[in-house]
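# Survey of secondary and tertiary structure
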Amino acid sequence: MRAFQRCVNPNCQATFDVAEVLRRCPRCGALLDVDYEWDKLPVPKSLAHFERYWAERSNPLNFSGVWRFRELLPFAPEELCVTVGEGQTILRQSEEVGKYVGMTTGELHLQYEGLNPSGSFKDNGMAAGTTHGRMVGATSAACASTGNTSASLALYCSATRLMKSIVFVGSGKIAYGKLSQALDYGARTVQIQGDFDDAMARVQEVAQRSGVYLLNSLNPFRLEGQKTIMFRVLEALRWEIPDWIVVPGGNLGNSSAFGKAFIELTKLGLIKRAPRLAVINAAGADSLYRLYNDEGLRWNGGNVDQTKIDAFYAQMDRENRRAHTIASAIEINRPVNLTKCLRALDFCDGVVRKVSEQEIVDAKAQIGANGFGCEPASAASVAGAKRLVDEGVIGKDERVVCILTGHQLKDPNATVAYHGVDRELYEKYLGSRGVEQTPFANRPVGVENDIEKILALMK
Ligand code: F0G
């Protein structure tokens, strides 16, 4: 049993076969990890080992930005690994966005996950998650989603025909780019009257009662795939470790996966130090921020204070507080991976910040103006980096990597509203959310169908 599932609760640590389909630890209810008996596995001696796969890209597993790191997520036999060409992403340095953030040395890097087949980082996890689904013979898979997970699941299921996809979304809660993908790829799409938190709770019940395979980030195999985002960042930096990784936080799968990647790379002696981690909430969906900064919730060697979390959610329910942000991808108040994220923050000396709607849309416009289209949630990373540079937490000369989690075309309404195309749209998406200015708007210009008037605009 070289790969197995292990309960993250240090007082339990129960282990289970990879062939078991579990959502949480059956003994104590905590989250599960995929773990490995590394000493029985062929672990590379250095990260440069992976460079040999670049020359063998005709093998789809070497082409995959997930599976070319397969020795670091060795839970599946190669012949079962699912790939649709995920992970062809780039890390690009952006001097201009760096300046916006307040950095002096141009060491701001953007990891563009929007280049994935379904347009978001979710494909990294879905390649690994559907692989596990295939290993256990799943015939149908489900997820709750703010949009990108559903798009990704729908794509993997339609491209591979391995299983049927059923996606649960909050009614009226997801951006049309994402909804259109789920529909186009043929997923059974269930709009629950409620938000993501409602859908997430329900889909767990559905999985429990119907036996459908669950592909939310609660699924630890999905997070194995998402570790590779960090491997590709390091690869792009020629295996140098950046000072900071800045990532938007929603359901906290990514931050959890990144932490696990660095914990394992350190344990395997493949890196000497981990970068610091900054997780950025939207101000309208700030449970992690409040729990971490106001309530002082910590990993605490795995003994996370559950009473604090319970009290926090009870208060949230009493106030009937619902997540609300233009960054609809991270419009989540009950992140399922909370404890794993705390572990990542602990290992990576992390910080948590929240950013306003105004900060998000301005950062998004700056990212767009400099050649990277991203959706609002992704821009929270750059807005968060700016805040942390302003605070002096991130040094102006440090090397920072912001993860752009999803493509710009996922949510064109948010972009078009910002650039002032339509008053009604502006009000709906921005004005009603307290965005008062659009300093980086690139307004379209109307003109009569008259060549002289058109030419006059060329100046
Ligand atoms: N950015 C984008 C574009 C996302 O779609 C998500 C999550 C996040 C950031 C947050 O990542 O959950 O790992 O903290 N979207 C999920 C979904 C919840 O259903 O598509 P996280």
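Notes on the structure in this doc start here. (Residues numbered from 1 in each chain as written. Predicted model: local features only at pLDDT ≥ 70, side-chain atom pairs only at ≥ 80, totals over all residues. Heavy atoms only, no water.)

Glancing now at empty space enclosed by the protein. For the coordinates displayed, the defined rule picks out four cavities of 30 Å³ or more. Within this model, the largest cavity holds a volume of roughly 280 Å³. Every residue lining the largest cavity is counted, 25 residues in all, and those nearest its centre are F121, K122, N251, A329 and I330. Class assignment of the residues belonging to the lining of the largest cavity gives a composition of nine nonpolar, 13 polar and three charged. There is about 80 Å³ of room inside the second largest cavity. (1 Å grid on protein atoms, 1.4 Å probe; cavity = no way out; pocket = protein on both sides within 12 Å on 5 of 7 lines; lining within 4 Å. Points joined across faces, edges and corners; volume = space filled by probe spheres on them. Nonpolar A, V, L, I, M, F, W, Y, C, P; charged D, E, K, R; others polar.)

Looking now at the site of the ligand. Residues in contact with the ligand amount to 20 residues; listed here are only the nearest, S145, G250, N251, L252 and T405. S145 places a polar side-chain atom, nitrogen or oxygen, 2.7 Å from an oxygen atom of the ligand. Considering the ligand on its own, with 480 Å² of exposed area, one finds that the protein chains cover 99% of that surface. Mapping the ligand onto the cavity grids shows that it belongs to the largest cavity. (Near = heavy atom within 4 Å. Polar contact = N/O pair within 3.5 Å; in protein donor to acceptor, adjacent residues only side chain to side chain. Areas by Shrake-Rupley, 256 points an atom, 1.4 Å probe, with all protein chains shown as cover. Sits in = over half its atoms within 2 Å of the grid points.)

Moving on, we come to the layout of surface pockets. Of the volumes computed, that of the largest pocket is approximately 580 Å³. Along its surface, the largest pocket is lined by 24 residues, and R24, Q306, I309, V336 and T339 are the ones closest to its centre. Taken together, the elements giving at least two residues each to the lining of the largest pocket come down to α6 (196-210), α10 (306-318) and α11 (338-347). Looking at the lining of the largest pocket element by element, the count peaks at four residues for α6. Classifying every residue of the lining of the largest pocket gives 13 nonpolar, eight polar and three charged. Here the second largest pocket is characterised by a volume of approximately 350 Å³. Along the wall of the second largest pocket there are 15 residues; nearest its centre are G172, K173, I174, Y429 and R433. Of the residues contributing to the lining of the second largest pocket, the split by class is five nonpolar, five polar and five charged. (Helix = DSSP H or I, 4+ residues; strand = E, 2+ residues; numbered from the N terminus.)

Right, let's get into the sheet that holds strand β10 (residues 244-248). With mixed pairing, six strands are arranged side by side in an open sheet as β4-β5-β13-β10-β11-β12. Since the sheet does not close on itself, it has two edges, and those belong to β4 (90-93) and β12 (351-355), each with one partner. Each strand of the sheet is rotated relative to its neighbour by a mean of 25°, with strand direction disregarded. Relative to strand β13 (residues 400-404), β10 runs parallel, the two sharing three bridges. Looking at β13, one finds that I245 is bridged to V401. Packed on one face of the sheet, helix α8 (residues 253-267) meets β10, β11 (276-282) and β13 and runs near 155° to β10. Together, β11 and β12 form the strand contacts of α11, whose direction differs from that of β11 by roughly 140°. (Pairing = 2+ DSSP bridges. Axes fitted to C-alpha atoms, helices over the stretch in contact; angles between N-to-C directions. Contact = heavy atoms within 4.5 Å.)

A few words on the environment of N216. Note on placement: N216 falls in the loop between β9 (213-214) and α7 (220-236). Placed 74 residues apart in sequence, N216 and A142 show a C-alpha to C-alpha distance of 7.8 Å. Beyond its immediate chain neighbours, meaning those up to four positions away, N216 contacts A142, C143, A144, F196, M200, V203 and R222.

In this section: a nonpolar patch on the surface. Taken together, the side chains of V445, V447, I451, L455, L457 and M458 define a hydrophobic patch exposed on the protein surface, amounting to about 590 Å² of accessible area. Along the polypeptide, L457 turns up in the segment after α16 (451-456). In this structure L457 comes out as partly exposed when scored by relative accessible area, which is 41%. (Patch = residues over 30% accessible without salt bridge, like charges linked within 9 Å, V, L, I, M, F, W, Y side chains within 5 Å. Salt bridge = Lys/Arg side-chain N within 4 Å of Asp/Glu carboxyl O. Buried < 20%, exposed > 50% of the residue type's maximum accessible area, 1.4 Å probe, protein only.)

The subject of this paragraph is α7. Here α7 contains 17 residues, and its C-alpha end-to-end distance of 26 Å stays within 8% of the 24 Å for a straight helix at 1.5 Å per residue. Put simply, N219 is the residue that caps the front of α7, since its side-chain oxygen is 2.9 Å from the backbone nitrogen of F221. R238 sits one or two positions beyond α7 and adopts a positive phi of about 50°. (Expected span 1.5 Å × (residues − 1).)

We now examine the packing of aromatic side chains. Summed over all chains, the structure comprises nine aromatic pairs. Aromatic side chains Y112 and F372 sit 5.6 Å apart centroid to centroid with 90° between the ring planes, which places their arrangement in the edge-to-face category. With Y112 in strand β5 (residues 108-112) and F372 in the loop between α12 (357-369) and α13 (376-390), this residue pair connects regions lying 260 residues apart in the sequence. Among the residues examined, Y112 registers a relative accessible area of 8% and is labelled buried. Given a relative accessible area of 1%, F372 falls into the buried group. In textbook terms, an aromatic cluster arises when at least three aromatic residues are bridged by ring pairs, as seen for F50, Y53, F69 and F231. Sitting above the plane of the Y53 ring, R70 keeps its charged end 4.8 Å from the centroid. Sitting over the ring of Y100, K386 keeps its end group 4.9 Å from the ring centre. (Phe/Tyr/Trp six-rings, centres within 6.5 Å; stacked < 30°, edge-to-face > 60°. Lys NZ or Arg CZ within 6 Å of the ring centre and 35° of its normal.)

Two quantities define a packed helix pair, namely the angle between the helix axes and the distance between the axes. Taken N-terminus to C-terminus, the directions of helix α3 (residues 122-135) and α7 make an angle of 140°; their axes are 6 Å apart at the nearest point. One way to sum up the angle between α3 and α7 is to call them oblique. With respect to the hand of their crossing, α3 and α7 are arranged in right-handed fashion. Residues K122, N124, G125, M126, A128, G129 and H132 of α3 pack against F221, R222, G225, Q226, T228, I229 and R232 of α7. Its residues assigned to classes, the contact of α3 with α7 shows four nonpolar, seven polar and three charged. (Parallel < 35°, antiparallel > 145°, perpendicular 65-115°, else oblique. Left-handed = near helix turned anticlockwise from the far one by under 90°.)

Note that L41 resides in the loop between β3 (32-36) and α1 (60-63). On a C-alpha basis, the gap between L41 and E71 in space is 8.2 Å, while along the polypeptide they are 30 residues apart. Apart from residues no more than four positions distant in its own chain, L41 is found in contact with R2, Y36 and P74.

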